[in-house]
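Descriptive structure summary
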Amino acid sequence: MNGLGLTLSSLSERQQVAAIIAGAGAIIFALWFFLIMPLNVRRQRLERVIQSRRADLELRGGLVEEDVLETWKQEELRTGAALRSEWLATIARLSIFSNQFNSVSEPSGQVIDFKVALFDVRQNLLKKSRDLGISLPQDLWLDDAVHSNEDVRRLMLQLRAVEKLVDMALDLKINLIHGIVPRPPITHVLKTTGEAFAEEYPVEISFSGTSADLFAFMRSMLAPERVFLLKNIKVCAVSPPKPDTINAQLVLSAFFFLKDPEAITIPSGPVRAKPRGY
């Protein structure tokens, strides 16, 4: 120990105190660095895991009492039943087509069936127009040619939409109908799944009449047996001008619902849809 080390007894009292403090500080630092700090790091990591698990359980309702969860379940069941009833009422209110067109994969009939139906519609509406003294063209602006790539079921639905619309105009005794033009059908699908749930059949009608005729026509669109939704309307004066006589051009849509509510795949996540109106 000569030359290197000074024993504690050879140090002065102040030096002894300083050496003890330095040794204790070194021991404390070693304990903190090698024992306490790793434990703190582990504790923080476990706290983050616990917070994550807690948030996940809260999101899934895992931290809620069973009776509260049962109450929520019953509320959701009641809401689902109310929405189903509302959906069925909407279908019954809006759809003007019978359930004979339910198939979306097969045409509901052959081409001859469509031509027979078209012939019957023409005869019935022309007879009604003659009885009312209203002039209509023999073909009702409808083409009886059917191309090989056309869907007969959709042609039949277009025909029924035109039939309802012309019948409504005749009931209102609109004397001058300029034309009826079926527009291409529109298929409505769920954005989340791409599943089709409804088809829309727009029909354009143009006629001349009074403003009272137009208002009566728009009121009649909401009659239970023939609900049409207004997509577009254009009104202008006749040429040459006549008192209280206008030209009206409207695009109206008839809806056909393809599926029952239980047959539609409900998206699992929140759905945000842009508002669409007519």
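About the criteria used
Each chain carries its own residue numbering, running from 1 in the written order of its sequence. Under the rules for a predicted model, residues below a pLDDT of 70 receive no local features and side-chain atom pairs below 80 are neither given nor counted, while totals for whole chains, interfaces and linings still include all residues. Note that the side-chain values use all heavy atoms of the structure and ignore hydrogens as well as water. Type-normalised accessible area, obtained with a 1.4 Å probe on protein chains alone, sets the label of each residue: buried when under 20%, exposed when over 50%, and partly exposed for intermediate values. Helix and strand assignments come from DSSP, with helices taken as H or I runs of at least 4 residues and strands as E runs of at least 2, each series counted from the N terminus. Any two strands are treated as partners once DSSP identifies two or more bridges connecting them. Helix axes use the C-alpha atoms of the stretch in contact, all axes being lines fitted to C-alpha atoms, and the angles between their N-to-C directions lie in the range 0 to 180 degrees. In this scheme, roughly parallel covers angles under 35 degrees and roughly antiparallel covers those over 145, while 65 to 115 is roughly perpendicular and the rest are oblique. In this description, contact between two residues means that some pair of their heavy atoms is separated by no more than 4.5 Å. In this classification, the charged set is Asp, Glu, Lys and Arg, the nonpolar set is Ala, Val, Leu, Ile, Met, Phe, Trp, Tyr, Cys and Pro, and all remaining amino acids, among them Gly, are polar. For patches, a residue must show more than 30% relative accessible area and have no salt bridge; joins then use 9 Å for like charges and 5 Å for nonpolar side chains, namely Val, Leu, Ile, Met, Phe, Trp and Tyr. Throughout, the Shrake-Rupley method with a 1.4 Å probe supplies accessible areas, and for residues the shown protein chains are the sole cover considered. Salt bridge criterion: a side-chain nitrogen from Lys or Arg within 4 Å of a carboxyl oxygen from Asp or Glu. Positive charges come from Lys and Arg, negative ones from Asp and Glu, while His and the chain ends are left out of the count. Charge positions come from single atoms, namely NZ of Lys, CZ of Arg, CG of Asp or CD of Glu. Stacked, edge-to-face and tilted labels apply to pairs of Phe, Tyr and Trp rings (six-membered ring for Trp) whose centres lie within 6.5 Å, assigned for plane angles under 30 degrees, over 60, and everything in between, in that order. Confidence scores per residue from the predictor, reported as pLDDT, run from 0 to 100. Here a helix's expected span is defined as the number of its residues, less one, multiplied by 1.5 Å. Think of a polar contact as two N or O atoms within 3.5 Å of one another; within protein, one of them needs to be a possible hydrogen donor and the other a possible acceptor, and neighboring residues in sequence only count if both atoms come from side chains.

1. Some words on the pairing of strand E5 (residues 246-257)
Within E5, ten of the twelve residues are buried, which leaves it mostly tucked inside the rest of the structure. Bridging between strand E3 (residues 196-209) and E5 involves twelve bridges; their strand directions are antiparallel. Residue Ser-208 lies in a different strand from E5, and its bridge partner there is Asn-247. Pairing of strand E4 (residues 229-237) with E5, which is carried by eight bridges, proceeds in the antiparallel orientation.

2. What about the packing of helix H3 (residues 111-132) against helix H4 (residues 152-171)?
Between H3 and H4, the shortest axis-to-axis distance is 10 Å and the interhelical angle comes to 5 degrees. On the basis of their axis angle, the class for H3 and H4 is roughly parallel. Residues Val-111, Asp-113, Phe-114, Ala-117, Leu-118, Val-121, Leu-125, Lys-128, Ser-129 and Leu-132 of H3 form the contact with H4, whose participating residues are Val-152, Leu-155, Met-156, Leu-159, Arg-160, Glu-163, Val-166, Asp-167, Leu-170 and Asp-171. Classifying every residue of the contact of H3 with H4 by side-chain character gives 13 nonpolar, one polar and six charged.

3. A look at a negative patch on the surface
A contiguous patch of negative charge, built from Glu-65, Glu-66, Asp-67 and Glu-70, is present on the exposed surface. One can find Asp-67 in helix H2 (residues 66-94). A relative accessible area of 53% places Asp-67 in the exposed class.

4. Some remarks on unusual backbone geometry
Along the chain, Ser-239 connects to Pro-240 via a cis peptide bond; the corresponding omega equals -5 degrees. Looking at the secondary structure, you find Pro-240 in the loop between E4 and E5. Here Leu-140, not a glycine, exhibits a phi torsion of approximately 55 degrees, which is positive. Structurally, Leu-140 can be placed in the loop between H3 and H4.

5. Points about the packing of aromatic side chains
Inspection of the entire model under this criterion finds two aromatic pairs. On the numbers, 5.2 Å between centres and 50 degrees between planes, the contact of Phe-207 with Phe-217 is tilted. Of this pair, Phe-207 sits in strand E3 while Phe-217 sits in helix H5 (residues 211-220); the two residues are ten residues apart in sequence, bridging distant segments of the chain. The same class applies to Phe-207 as to Phe-217, namely buried.

6. As for the environment of Pro-202
Positionally, Pro-202 belongs in strand E3. Owing to a relative accessible area of 4%, Pro-202 belongs among the buried residues under this scheme. For Pro-202, the residues in contact, after removing those within four places along its chain, are Pro-182, Arg-183, Pro-184, Pro-185, Ile-186, Lys-231, Val-251, Leu-252 and Ser-253.

7. Observations regarding the confidence of the model for the protein chain
Low pLDDT marks regions whose predicted coordinates should not be analysed in detail. Summing up the model confidence of the protein chain, the mean pLDDT is 80 and the portion of residues at 70 or higher is 84%. Segment residues 1-6: pLDDT under 50, and one contact once partners within four positions in sequence are set aside and those in other chains are kept. Segment residues 104-108 is flagged for pLDDT under 50; beyond a separation of four residues in sequence, or across chains, it makes ten contacts in the model.

8. Observations concerning H4
Spanning 20 residues, H4 covers 28 Å between terminal C-alpha atoms, matching the ideal 28 Å at 1.5 Å per step. If you check the start of H4, you find a side-chain oxygen 3.0 Å away from the backbone N of Arg-153, and it comes from Asp-151. Directly after H4, the chain includes Lys-173, whose backbone phi takes a positive value near 60 degrees.

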